[in-house]
Amino acid sequence: MHTLPRRLLIVMILWGGTIHAAEPELIEVRKIWDQATHSAFTDLIRFKGKWLCCFREATTHASRDGKIRIIESADGNKWVSVGHVVEKETDLRDPKLSIDPKGRLVLIMGASRHRGDTYVTRSPRVSFSADSHAWTVPRKLLAEDHWLWRITWHEGIAYSVSKLGEGRDPRRGMLYKSSDCIDWEYITEFRLPDNTWNASETTLRFMPDGEMIALTRPEWIGRSQPPYTEWSWTRVPHRMGGPNFIRLPNGQLWAGARLYLPGGSKTGLIKMTPTSYEPVLQLPSGGDTSYPGMVWHEGILWMSYYSSHEGKTSIYLARIRLPPIAR
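First, a word on scope: everything that follows refers to the structure included in this document. (Residues numbered from 1 in each chain as written. Predicted model: local features only at pLDDT ≥ 70, side-chain atom pairs only at ≥ 80, totals over all residues. Heavy atoms only, no water.)

This paragraph deals with the overall build of the protein chain. Counting its secondary structure elements, the protein chain contains 0 helices and 27 strands. Counting only C-alpha atoms and orienting by the principal axes, one finds that the protein chain spans roughly 55 × 45 × 40 Å. Relative to its full complement of 327 residues, the protein chain shows a buried share of 57%. Of the accessible surface of the protein chain, which amounts to about 14000 Å², a share of 50% is contributed by carbon and sulfur atoms. Here the protein chain contributes 43 positively and 35 negatively charged side chains, and the mean placements of these two sets differ by 2 Å. (Helix = DSSP H or I, 4+ residues; strand = E, 2+ residues; numbered from the N terminus. Buried < 20%, exposed > 50% of the residue type's maximum accessible area, 1.4 Å probe, protein only. Areas by Shrake-Rupley, 256 points an atom, 1.4 Å probe, with all protein chains shown as cover. Lys, Arg positive; Asp, Glu negative; His and termini not counted. Charge placed at Lys NZ, Arg CZ, Asp CG, Glu CD.)

If you want it as structure tokens, here you go:
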């Protein structure tokens, strides 16, 4: 566990030769799971008064034996395994949690099939749970080669972007919606301003007026008004991996993602607007790292992520105090 002082009056961090005041305060970071050889690709949620964190367990980052582990905690300190989602001869990876209008947990994930050493195909999977312990058999979604990456709910409807194109450049990002997370309706395809279709991992959030904001790998922020078929895009000066972001009750946007720095990759916290993206804090991390889950709870940002900076690729949990709106 890494514990930092509760009050940091002024902290300065060097970002590519430019110095910025680092307003967020890193209260604590602790390792919460390292039982598998390689644990990665996290998400975090509050459910029925407890914390849930999901992630992939496997031999390596790219191995074909991925299974999904769900762990639970009452206080964020002590964690126990409560769920395990497996599909025979299938690599499950990059799980994301949400809660549907019926109060069920929804677990969305990618599933890749191989024949020996040869990649065959992939498609998304969904599994449901009423209690975080018992999960339905993973159900296949959409057509082959799709990968619904994260679900965001808005007015009872689930929205998600599928990244299409395994091992190819460019990849293609397609926006879908669903009322039940099983049948998905196509909305539009993201066309980026650099005249490519190269949209990949995407997190969606909604503004109070219904505007949809997309944070899209490798380096884009998009925005769109209903019915979300027309998009404007801003290219940000920082590449990202595993992007996530949330909107706080005070209106601030904060993101978490992999930062590609001269000294290597780090998991970082990013101050964000619908048209800007400014890294402000590096978490204890390095090597194979990122894919954060983010939850705002009782005035503190809780952030799960994975990292290999201590040797074994493990799951970490950070608590961060964020600055108030400047007056």
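Under the defined criterion, the tally for this structure stands at 14 aromatic pairs. Ring centres of Tyr 176 and Tyr 186 lie 5.8 Å apart, and the angle between their planes is 75°; this geometry places the pair in the edge-to-face category. With Tyr 176 in strand β15 (residues 172-178) and Tyr 186 in strand β16 (residues 185-189), this residue pair connects regions lying 10 residues apart in the sequence. Judged by relative accessible area, which is 8%, Tyr 176 ranks as buried. A relative accessible area of 44% places Tyr 186 in the partly exposed class. (Phe/Tyr/Trp six-rings, centres within 6.5 Å; stacked < 30°, edge-to-face > 60°.)

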